Amino acid sequence: MTDLLRRLLGRLPRVFTRYTTASVAAGVASEATLLTAYGTHLLTPGQASAAGWASGAVLNFVLNRWWVFRHREQPKPVREVLGFWLTSLAALALSTWATGVAAGLAAPLDHGPRVILVGAVFLGVYALLFVAKFALFHYFVFAGTSRSETGSGSGSGRRRSRHQVPSTTRE
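Keep in mind the model is a prediction, meaning the values are calculated, not measured.

Asks: Which parts of the structure should I look at to understand the pattern of salt bridges?
Replies: When the charged atoms of two side chains with opposite charge come close together, those side chains can pair. Taken as a whole and judged by the stated rule, the model has 1 salt bridge. The shortest N-O distance in the salt bridge between Arg 65 and Glu 80 comes to 2.5 Å. Here Arg 65, found in helix 3 (residues 45-68), pairs with Glu 80, found in helix 4 (residues 77-105); they are 15 residues apart in sequence, far enough to count as distant. Residue Arg 65 shares its accessibility class with Glu 80, and that shared class is buried.

Asks: Would you take a moment to explain the packing of helix 2 (residues 11-39) against helix 3 for this structure?
Replies: The contact between helix 2 and helix 3 brings their axes to 7 Å, and the two run at 155°. Taken as axis vectors, helix 2 and helix 3 run roughly antiparallel relative to one another. For the crossing formed where helix 2 meets helix 3, the hand is right-handed. When the residues that make up the contact of helix 2 with helix 3 are grouped by side-chain class, the tally is 17 nonpolar, 10 polar and 1 charged.

Asks: How should the environment of Glu 80 be read in this particular structure?
Replies: A relative accessible area of 1% means that Glu 80 is categorised as buried. With 63 residues separating them in the primary sequence, Glu 80 and Ala 143 have C-alpha atoms 9.1 Å apart. A distance of 2.5 Å separates polar atoms of two side chains, one belonging to Glu 80 and the other to Arg 65.

Asks: It is not clear to me how a nonpolar patch on the surface should be interpreted in this structure. Could you clarify?
Replies: Side chains of Val 58, Val 62, Trp 66 and Trp 67 sit close together on the surface and give an oily, nonpolar patch of about 370 Å² of accessible area. Position of Trp 67 relative to the elements: it lies in helix 3. Judged by relative accessible area, Trp 67 falls into the partly exposed class, the value being 34%.

Asks: I'm lost on the side chain of Ser 95 in this one. Help?
Replies: Mapped onto the secondary structure, Ser 95 falls in helix 4. Ignoring anything within four residues of it in the chain, the contact list for Ser 95 reads Val 125 and Tyr 126.

Asks: Would you mind going over the nonpolar core with me for this structure?
Replies: Nonpolar side chains in soluble globular proteins generally cluster together in the buried interior. By size, the foremost hydrophobic cluster in this structure holds 11 residues: Val 15, Tyr 19, Ala 22, Phe 61, Val 68, Phe 69, Phe 84, Phe 134, Phe 137, Val 141 and Phe 142. For this core, the elements supplying multiple residues, two or more each, are helix 2, helix 3 and helix 5 (111-141). Residues within four places of Tyr 19 in sequence aside, it is in contact with Asn 64, Val 68, Phe 130, Lys 133, Phe 134 and Phe 137.

Asks: Can you walk me through the layout of surface pockets in this structure?
Replies: Empty space among the atoms becomes apparent when a probe as large as a water molecule is rolled across them. In this structure, the largest pocket spans a volume of roughly 900 Å³. Gly 27, Ser 30, Trp 53, Phe 122 and Tyr 126 are the residues nearest the centre of the largest pocket, which is lined by 29 residues in total. Broken down by secondary-structure element, the contributors of at least two residues to the lining of the largest pocket are helix 2, helix 3, helix 4 and helix 5. Here the lining of the largest pocket takes 9 residues from helix 2, the largest share from any one element. When grouped by side-chain class, the residues that make up the lining of the largest pocket number 15 nonpolar, 12 polar and 2 charged.

Thresholds applied
- Residues numbered from 1 in each chain as written.
- Predicted model: local features only at pLDDT ≥ 70, side-chain atom pairs only at ≥ 80, totals over all residues.
- Heavy atoms only, no water.
- Salt bridge = Lys/Arg side-chain N within 4 Å of Asp/Glu carboxyl O.
- Helix = DSSP H or I, 4+ residues; strand = E, 2+ residues; numbered from the N terminus.
- Buried < 20%, exposed > 50% of the residue type's maximum accessible area, 1.4 Å probe, protein only.
- Axes fitted to C-alpha atoms, helices over the stretch in contact; angles between N-to-C directions.
- Parallel < 35°, antiparallel > 145°, perpendicular 65-115°, else oblique.
- Left-handed = near helix turned anticlockwise from the far one by under 90°.
- Nonpolar A, V, L, I, M, F, W, Y, C, P; charged D, E, K, R; others polar.
- Polar contact = N/O pair within 3.5 Å; in protein donor to acceptor, adjacent residues only side chain to side chain.
- Patch = residues over 30% accessible without salt bridge, like charges linked within 9 Å, V, L, I, M, F, W, Y side chains within 5 Å.
- Areas by Shrake-Rupley, 256 points an atom, 1.4 Å probe, with all protein chains shown as cover.
- Contact = heavy atoms within 4.5 Å.
- Core = buried A, V, L, I, M, F, W, Y, C linked by side-chain atoms within 4.5 Å.
- 1 Å grid on protein atoms, 1.4 Å probe; cavity = no way out; pocket = protein on both sides within 12 Å on 5 of 7 lines; lining within 4 Å.
- Points joined across faces, edges and corners; volume = space filled by probe spheres on them.

See below:
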């Protein structure tokens with residue numbers, strides 16, 4: 001029972017909670033950018049959608065790196081930067097494809113049901129991608145070098161004092 005409680009209250013649920021919060025914040029920023037750019041006629045719907053995605057993705061990268069996974073050192077260009085952006089672009093491509101297919105299938109429907117179907121597919125794809133992206137970010141993109149919840153480090157970058165080493169190893 002204590003092992004289950006330790007897992008429920010452990011690091012992974014805290015990281016997932018921060019990831020969820022960061023994703024919601026990025027989603028709000030994305031939607032606000034889209035509505036502002038399109039609502040004020042600054043951009044076409046496609047351009048506003050791309051601007052909204054970009055603003056959300058930038059905020060999401062910063063929040064994921066600094067707050068969710070607690071990386072403070074220089075970013076690793078291939079693993080973190082390229083990994084994050086390839087994942088985000090793949091998510092954009094998949095959601096765009098899925099909503100396009102849904103719109104094509106829903107073409108014979110009236111406008112209201114068509115919008116509901118396309119919106120449901122969009123949310124469904126992002127729900128699936130939300131979990132998949134968390135797994136990729138947690139186990140690959142931001143894995144290995146993040147600070148622990150207590151700030152004690154991952155063990156590879158900190159030296160322990162001689163008082164933390166068992167006495168059998170001291171000379």
